[in-house]
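Notes for the structure review
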Amino acid sequence: MEKKKNVGFGFRGTLLILFQAIGFFVHTAFTMWPMNILAGEEAGFFGGSGFIPKVYTASILASTVLQLIVSRYIGRVKNVKRMTIFAGAASLLLMIPIMTIPLTVGINIPWLLCYVPEIIIVYFYCPYAMGILIGQWFPRRKGTVMGITTCMFPLSNFLISIFSSRFFSSLANGATNALYAYWPFFLLALAGWLIGVIFIKDYPEMCGCYRDNDSSLSPEEAKAEMEREIREKRTTVWSPSHTVACRDFWLITLANGLLLMFAAGMMTQTKTIVYQVFPDSNSAYTLIMAMVCVAGLIGSCGLGLLDTHFGTRASMVLCAALMVAVGILGATGNGVAFVIAMAILGAFDGAASNFAVSLSAQYWRREDFPSVFAVVNPIAHIIESFGATLIATLLYNPNLGYTWDFRACMAAGVLAVILLLAFSPHHLKTVDDKYRLKAGKPLDDELVGRK
């Protein structure tokens, strides 16, 4: 009797989704919150808003170098889960001094010696290492899964207002560090890491589960497919040098980087941006971030479903179009238009982080996914890394201000649309055929019809 495909994600699959979602929270809370709140214009600790964004950019670039080095060997890594858990443990340990080192107005070298490696490791932990696990568990349903997990980005954008309130109230009560503001969120990060330690494996077949929770294959067939994929992964034709030689790789990866650049970059300075429009209004900031959160939950899930049903490029084009709309509305200088722009920004903020996993799984083979993703992710984040510095530079220039951030967002959105329209899955299939012929591998129609 033919087995039916399961609708849900399975127990362990659901826990993997939760593991990734909390990882995205760590990605935001442990790297952007210190820059936005602790070093923001209102508090100005650890070197202030003119210095820390530059540190953030340099640290992401360092993490990118680490990821590119690992990408050369990712096909031979036997235990991605172990690599992920090790990075998560290092991130949690570094967070302890970040929370407890005394606050200083000037540059604080001990704090920086923890914050810099924290950024480097967090960007490796999530989305890099976790993203590989997601692609190996959900190769066909990656859009839906990533749409769910990236809901944590808008939730983080709401939680930052709670973090900010806890931080400034603790300062008023004589606190000398950020421990009171951070400890509940640290415990959440620890809980997520423990889920990964206890329940997650490299492949679902290693713990009696199925890829995409699709039990139409027998356990024996699923295990054989996993073993074939592991063998093929070691001899992938999409080496880093072959990947970067493909024009379509650059077209879609650069577009992804531009989406990330402003989705993440704008969120690093939300408090100052809102205060330039609504001066000294804590209530306006809280309400706007709550609105951004709701819009983000809808946008992340909606664009993820669009990705699954209509293809990654279609979802990315819509995301880029939303980016253009954000820029047009925000650049007007009108308060109402600004609020609408922030809602739309929230809608594509989390979704922008879906695409590195989605595009690598959508347009390449399963066995090629880890090698391709290991190059897509760091290069997209190289572009993202300049977002925080660009946003801060425009924002704090007395002759420019927040409207120029939105003008830059509009220009980047237009460029992203152009790049995505030039991208061709059909041409990528032709390149794949060329590489496979040269390697003596058989040709097939696996990449035909990828949208």
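Notes on the structure follow. From a predicted model like this one, the values you see are computed outputs, not experimental measurements.

What counts and what doesn't
- Residues numbered from 1 in each chain as written.
- Predicted model: local features only at pLDDT ≥ 70, side-chain atom pairs only at ≥ 80, totals over all residues.
- Heavy atoms only, no water.
- Helix = DSSP H or I, 4+ residues; strand = E, 2+ residues; numbered from the N terminus.
- Expected span 1.5 Å × (residues − 1).
- Contact = heavy atoms within 4.5 Å.
- Buried < 20%, exposed > 50% of the residue type's maximum accessible area, 1.4 Å probe, protein only.
- Disulfide = S-S within 2.5 Å.
- Core = buried A, V, L, I, M, F, W, Y, C linked by side-chain atoms within 4.5 Å.
- Axes fitted to C-alpha atoms, helices over the stretch in contact; angles between N-to-C directions.
- Parallel < 35°, antiparallel > 145°, perpendicular 65-115°, else oblique.
- Left-handed = near helix turned anticlockwise from the far one by under 90°.
- Nonpolar A, V, L, I, M, F, W, Y, C, P; charged D, E, K, R; others polar.
- Salt bridge = Lys/Arg side-chain N within 4 Å of Asp/Glu carboxyl O.
- Patch = residues over 30% accessible without salt bridge, like charges linked within 9 Å, V, L, I, M, F, W, Y side chains within 5 Å.
- Areas by Shrake-Rupley, 256 points an atom, 1.4 Å probe, with all protein chains shown as cover.
- Phe/Tyr/Trp six-rings, centres within 6.5 Å; stacked < 30°, edge-to-face > 60°.
- Lys NZ or Arg CZ within 6 Å of the ring centre and 35° of its normal.

1. Let's talk about helix H9 (residues 219–234)
If you check H9, its first and last C-alpha atoms are 23 Å apart, about what 16 residues at 1.5 Å a residue would give, namely 22 Å. Buried residues along H9 sit against helix H5 (109–137) and helix H17 (369–395).

2. Topic: unusual backbone geometry
Here Cys126 and Pro127 are connected by a cis peptide whose omega angle stands at 25°. Inspection of the secondary structure puts Pro127 in helix H5. One non-glycine residue, Asp212, lies in the positive phi region at around 60°. The topology assignment puts Asp212 in the loop between helix H8 (179–199) and H9. The exposure class of Asp212 is buried, given its relative accessible area of 2%. A positive phi angle is found at Asn213, which is not glycine, with a value near 55°. You can see Asn213 is positioned in the loop between H8 and H9. We classify Asn213 as buried; its relative accessible area is 11%.

3. A short note on the state of the cysteines
Scanning all chains against the criterion turns up 0 disulfides. Cys293 takes part in no disulfide bond, and the closest cysteine sulfur, belonging to Cys151, lies 8.9 Å away. Cys293 sits in the buried class, given a relative accessible area of 6%. Free cysteine Cys409: the closest other cysteine sulfur is in Cys319, separated by 10 Å.

4. Concerning the nonpolar core
Grouped together as the largest cluster of nonpolar side chains are 144 residues, with contacts concentrated most on Phe30 and Phe406. In terms of residue count, the dominant contributor to this core is H5 (18 residues). Those residues in contact with Phe30 that lie beyond four places of it in its chain are Ser91, Leu92, Met95, Tyr115, Glu118, Val122, Tyr182, Phe186 and Ala189.

5. Description of the packing of helix H1 (residues 11–29) against helix H7 (residues 152–172)
It is at 9 Å that the axes of H1 and H7 come closest, and there the two elements cross at 45°. Relative to H7, H1 is oriented oblique. Read as a crossing pair, H1 and H7 show a hand that is right-handed. Where H1 approaches H7, its residues Ala21, Phe24, Phe25, His27 and Thr28 are matched on the opposing element by Met152, Phe153, Ser156 and Leu159. When the residues that make up the contact of H1 with H7 are grouped by side-chain class, the tally is 6 nonpolar, 3 polar and no charged.

6. With respect to the pattern of salt bridges
Using the criterion set out here, one finds 12 salt bridges in the structure. Here Arg247 ties to Asp248 by a salt bridge, and the two come within 3.9 Å at their closest N and O atoms. For Glu446, the salt bridge is made with Arg365, and the minimal N-O distance between the two is 3.2 Å. Of this pair, Glu446 sits in the segment after helix H19 (425–439) while Arg365 sits in the loop between helix H16 (355–363) and H17, and the two are 81 residues apart along the sequence. On the accessibility criterion, Arg365 (1% relative accessible area) is buried. Salt bridges linked by common partners bring Arg365, Asp432, Asp444 and Glu446 together as one network.

7. Some remarks on a nonpolar patch on the surface
A grouping of Leu179, Tyr180, Trp183 and Leu187 is seen on the molecular surface, where their side chains present a nonpolar patch of about 390 Å² in accessible area. Take Leu179: it is sitting in helix H8.

8. Digging into helix H18 (residues 402–422)
The end-to-end C-alpha separation of H18 is 31 Å, in line with the 30 Å expected for 21 residues at 1.5 Å each. Buried within H18 are the following residues: Tyr402, Thr403, Asp405, Phe406, Ala408, Cys409, Ala412, Gly413, Ala416, Leu419 and Leu420. Packed against the buried residues of H18 are helix H11 (247–267), helix H12 (270–277), helix H14 (312–330), helix H15 (335–349) and H17.

9. Topic: the side chain of Thr253
Within the fold, Thr253 resides in helix H11. If we ignore the near neighbours within four places in the chain, the residues touching Thr253 are Val376, Ile379, Ala380 and Ile383.

10. What about the packing of H7 against H8?
At a minimum axis distance of 7 Å, the contact between H7 and H8 shows a crossing angle of 145°. Across from Leu159, Ile162, Phe163, Arg166, Phe167, Ser169 and Ser170 in H7, the residues of H8 making contact are Tyr180, Ala181, Tyr182, Trp183, Pro184 and Phe185. The class makeup of the residues in the contact of H7 with H8 is 10 nonpolar, 2 polar and 1 charged.

11. Observations concerning the packing of aromatic side chains
Under the criterion given, the structure shown has 31 aromatic pairs. For the pair Trp33 and Phe163, a centre-to-centre distance of 5.0 Å together with 35° between the ring planes defines the contact as tilted. Here the residue Trp33 occupies a position in helix H2 (residues 32–38), and Phe163 occupies one in helix H7, the gap between them amounting to 130 residues. Comparing Trp33 with Phe163 shows no difference in burial state: the two are buried. An angle of 75° between the planes, with centres 5.2 Å apart, marks the rings of Phe249 and Trp250 as edge-to-face. On the accessibility criterion, Trp250 (32% relative accessible area) is partly exposed. Site record: aromatic cluster; members linked through ring pairs are Phe25, Phe30, Trp33, Phe45, Phe163, Phe167, Phe168, Tyr182 and Phe185. Arg166 extends its terminal NZ or CZ atom over the ring of Tyr180, reaching a point 4.1 Å from the ring centre.

Treat this as a map of the structure, not an account of what it does.
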